[in-house]
Amino acid sequence: MKSYKEIERLAQQSGAALDYIGVTYLGYPIPLLTKGRGEGGVLLVGGVHAREYITSYLLFELMKEYCGEGRIDCVPALNIDGILLSRLGKKLFPKAQAAYRGLLEMNGGRDFAQWKANIRGVDLNTNFDAEWGTGLMNVRRPGAENYIGPFPESENETRAVVERLRKYPYDIVVAYHSKGEEIYFGFGEEFGNKHHAEKVADMLGYALKTSVGSAGGLKDYCVRCGTFGLTIEVGEDRFPHPYPMKELPRLINKHKGSLELFSTIGAQIAGRIYD
Ligand SMILES: [Zn+2]
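Here's a quick rundown of the structure. Computed from a prediction, not measured in an experiment: that's the story for all the values here.

1. Section: the overall build of the protein
Within the protein one finds nine helices and eight strands. Taking 2.2 N^0.38 as the reference for a compact globule, 275 residues should give roughly 19 Å; the C-alpha atoms of the protein span a radius of gyration of 17 Å, in line with that estimate. Projected onto its principal axes, the C-alpha coordinates of the protein cover approximately 55 × 40 × 40 Å. In the protein, buried positions account for 49% of the 275 residues. In the protein, 76% of the contacts between residues at least 6 apart in sequence involve partners at least 24 apart.

2. With respect to the packing of helix α2 (residues 54-65) against helix α8 (residues 248-255)
Two elements in contact, α2 and α8, have axes whose closest approach is 10 Å; the angle formed by their N-to-C orientations is 50°. Classified by the angle their axes make, α2 and α8 are oblique. Here α2 runs over α8; the crossing is right-handed. Contacts between α2 and α8 involve Ile-54, Tyr-57, Leu-58, Glu-61 and Leu-62 on the former and, on the latter, Leu-248, Leu-251, Ile-252 and His-255. A breakdown of the residues in the contact of α2 with α8 according to their chemical character gives seven nonpolar, one polar and one charged.

3. Digging into the nonpolar core
Membership of the largest hydrophobic core comes to 76 residues, with the highest contact counts inside it found for Leu-44, Val-45, Val-161, Val-174 and Tyr-176. If one sorts the elements of this core by residue count, α2 sits on top with seven residues. The residues contacting Val-45, other than those within four sequence positions of it, are Val-75, Leu-78, Val-161, Ala-175, Tyr-176 and Leu-218.

4. Some remarks on the packing of helix α6 (residues 194-204) against helix α9 (residues 258-270)
Helix packing geometry: the angle between the two helix axes and the distance between the axes. One way to put it is that α6 packs onto α9 with a least axis distance of 11 Å and a crossing angle of 170°. Taken together, the axes of α6 and α9 are roughly antiparallel relative to one another. Across the interface between the two elements, His-196, Lys-199, Val-200, Met-203 and Leu-204 of α6 pack against Ser-258, Leu-261, Ile-265 and Ile-269 of α9. When grouped by side-chain class, the residues that make up the contact of α6 with α9 number six nonpolar, two polar and one charged.

5. Here's the deal with the environment of Arg-110
Note that Arg-110 resides in the loop between α4 (97-106) and α5 (156-167). Arg-110 sits 15 residues away from Lys-95 along the chain, and the two C-alpha atoms are 20 Å apart.

6. What about the pairing of strand β6 (residues 182-185)?
Pairing between β6 and strand β7 (residues 207-210): four bridges, direction parallel. What sits directly across from Phe-185, in β7, is Thr-210. The handedness of the β6 to β7 crossover, carried by α6, is right-handed. Of the strand pairs in this sheet, β6 and strand β8 (residues 228-234) are connected by four bridges, and their pairing is antiparallel. Within β8, the residue paired with Tyr-184 across the bridge is Thr-231.

7. Here's the deal with the pairing of strand β3 (residues 37-45)
Judged from the five bridges that link them, β3 and strand β4 (residues 70-75) form a sheet pairing that is parallel. Bridged to Leu-44 within β4 is Cys-74. Both β3 and strand β5 (residues 172-178) contribute to a ladder of four bridges, which runs parallel. In the strand pairing of β5, Val-45 is matched with Ala-175.

8. Overview of unusual backbone geometry
If a residue is not glycine, its phi is most likely negative; likewise, a peptide bond is most likely trans. Between Ser-178 and the following residue, Lys-179, the backbone shows a cis peptide bond with an omega angle of 20°. For Lys-179, the position within the fold is in the loop between β5 and β6. Geometrically, the link from His-241 to Pro-242 is a cis peptide bond, its omega value of -15° lying close to zero. Here the phi dihedral of Glu-131 falls at roughly 50°; this positive angle occurs in a residue that is not glycine.

What counts and how
- Residues numbered from 1 in each chain as written.
- Predicted model: local features only at pLDDT ≥ 70, side-chain atom pairs only at ≥ 80, totals over all residues.
- Helix = DSSP H or I, 4+ residues; strand = E, 2+ residues; numbered from the N terminus.
- Rg over C-alpha atoms; globule rule 2.2 N^0.38 Å.
- Buried ≥ 20, exposed ≤ 12 C-beta atoms within 10 Å, placed from the backbone.
- Contact = placed C-beta atoms within 7 Å.
- Axes fitted to C-alpha atoms, helices over the stretch in contact; angles between N-to-C directions.
- Parallel < 35°, antiparallel > 145°, perpendicular 65-115°, else oblique.
- Left-handed = near helix turned anticlockwise from the far one by under 90°.
- Nonpolar A, V, L, I, M, F, W, Y, C, P; charged D, E, K, R; others polar.
- Core = buried A, V, L, I, M, F, W, Y, C linked by C-beta atoms within 7 Å.
- Pairing = 2+ DSSP bridges.
- Right-handed = clockwise from strand over helix to strand, strands pointing away.

Right, here's the structure in full:
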């Protein structure tokens, strides 16, 4: 995404009902797309890490194609500010050079192509309230990645997702990252629903793993709250960050039908249908 307008256009084109779960630090409303109906259902979240914006494009496209009956909610681009920073750099701040200089300093003078955090230098996938601050890679000062924030849920984007989760009882939550063709499930001592995670891994041809040394992630938070959560690392490891846009059609093809599978798994977990 090179502008918020582009996000709005992609949201329109998805054909989904449009709502907002919160507002970013720079003031952009965070879109929530909904298709299907019924209780429970699926929540998909993409664009958590700025440079992984390919996951946002992937989710907009998968939502556009989805025509199942089960309810699917989708936040395709959670970290809008970070994504725009990663793509636009200095151009994001035509009138606020001081703000830009602060970020540049935070980033050690490098450009922002590899930036993962939000615009305040907080890594959103370490900012959730799940063993917050105990991750092996955690750092305690703002920067491009791994900064946990001053306290759990300190960031607008984190709070927006958490408030949604508290309001709405999802059966399954899937967080999208890139890259590595891996699926992570479970957290702490909790590794339930493994057979469901295996179904997703089989369908995508991705490796199923349990995360070691991670904390404060969205999936971690969901598991901690008793909701089935997955992290999917889309795309092959041989490609660089940011994942090349010319690979998007291949990713879309690979993930075709996965939303239908999530919907079925959600219904099985909720006991609406049996596997
Ligand atoms: Zn990521």
